[in-house]
Amino acid sequence: MAIIMKDCHFENNGTGIKAPTSADIQMSGTTFVRNGKALDIYVSAVDLQKLGLPPDTPQELMQEIIATLQGISAEPAKVKQEAIENSRLFKWLGHAASLATVGTALVQFVTAIG
């Protein structure tokens, strides 16, 4: 179900909108003025579980790897796997993570969210 916002105005908020990556947000004519952050998109606990990641996975590490993978979306799988292996997320996970399992899931997730 989509969240549809038309002609909304967010002013002087710490965060205008906070939503999971799975949210379908459609906005038109919406303005953000003097907010700490207009949109705060996070990876939900359900998505972390689907990815095989612990529920306490730091959001900043998820945002970092998502941005990295989005930036190299046209690159071959090997380049993406290397980026994941060299990421702070993978270092945080330590030996608890399989590069093949987590890497494949992350690439599919980032492809799905665009």
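Calculation rules
- Residues numbered from 1 in each chain as written.
- Predicted model: local features only at pLDDT ≥ 70, side-chain atom pairs only at ≥ 80, totals over all residues.
- Heavy atoms only, no water.
- Phe/Tyr/Trp six-rings, centres within 6.5 Å; stacked < 30°, edge-to-face > 60°.
- Helix = DSSP H or I, 4+ residues; strand = E, 2+ residues; numbered from the N terminus.
- Buried < 20%, exposed > 50% of the residue type's maximum accessible area, 1.4 Å probe, protein only.
- Lys NZ or Arg CZ within 6 Å of the ring centre and 35° of its normal.
- Core = buried A, V, L, I, M, F, W, Y, C linked by side-chain atoms within 4.5 Å.
- Contact = heavy atoms within 4.5 Å.
- Expected span 1.5 Å × (residues − 1).

Colleague: What's the story with the packing of aromatic side chains in this structure? I'm lost.
Modeller: In this description, a pair of aromatic rings is defined by centroid distance and the angle of the planes. Here the structure, examined in full by the defined rule, presents one aromatic pair. Relative to Phe32, the ring of Phe10 has its centre 5.0 Å away and its plane inclined at 10°; by these criteria the two rings are stacked. With Phe10 in strand β2 (residues 9-11) and Phe32 in strand β5 (residues 31-33), the pair connects residues that are 22 residues apart, well separated along the chain. Its relative accessible area of 17% is what places Phe10 among the buried residues. A relative accessible area of 28% means that Phe32 is categorised as partly exposed. Lying over the aromatic face of Tyr42, Lys18 brings its terminal NZ or CZ to 5.6 Å of the ring centre.

Colleague: Can you help me understand the nonpolar core in this one?
Modeller: Soluble, globular proteins show a tendency: their nonpolar side chains are buried together. By size, the foremost hydrophobic cluster in this structure holds 21 residues, and its most contacted members are Leu51, Leu53, Met62, Leu69, Ile84, Leu89 and Leu106. Of all the elements in the fold, those that place two or more residues in this core are α2 (59-71), α3 (77-85), α4 (88-93) and α5 (99-113). In terms of residue count, α5 provides more of this core than any other element does, six residues in total. In contact with Leu69, other than residues within four places in its own chain, are Lys80, Ile84, Leu106, Val107 and Val110.

Colleague: Help me understand α5, please; the structure alone is not making it clear to me.
Modeller: For an α-helix, 3.6 residues make a turn, and residues three or four places apart therefore share a direction. With 15 residues, α5 ought to run about 21 Å at 1.5 Å a step, and its terminal C-alpha atoms sit 21 Å apart, in line with that. Along α5, the positions that sit buried rather than exposed are Val102, Gly103, Ala105, Leu106, Val107, Phe109 and Val110. Count one or two residues on from α5 and you reach Gly114, which has phi positive near 90°.

Read these as spatial facts, not as claims about activity.
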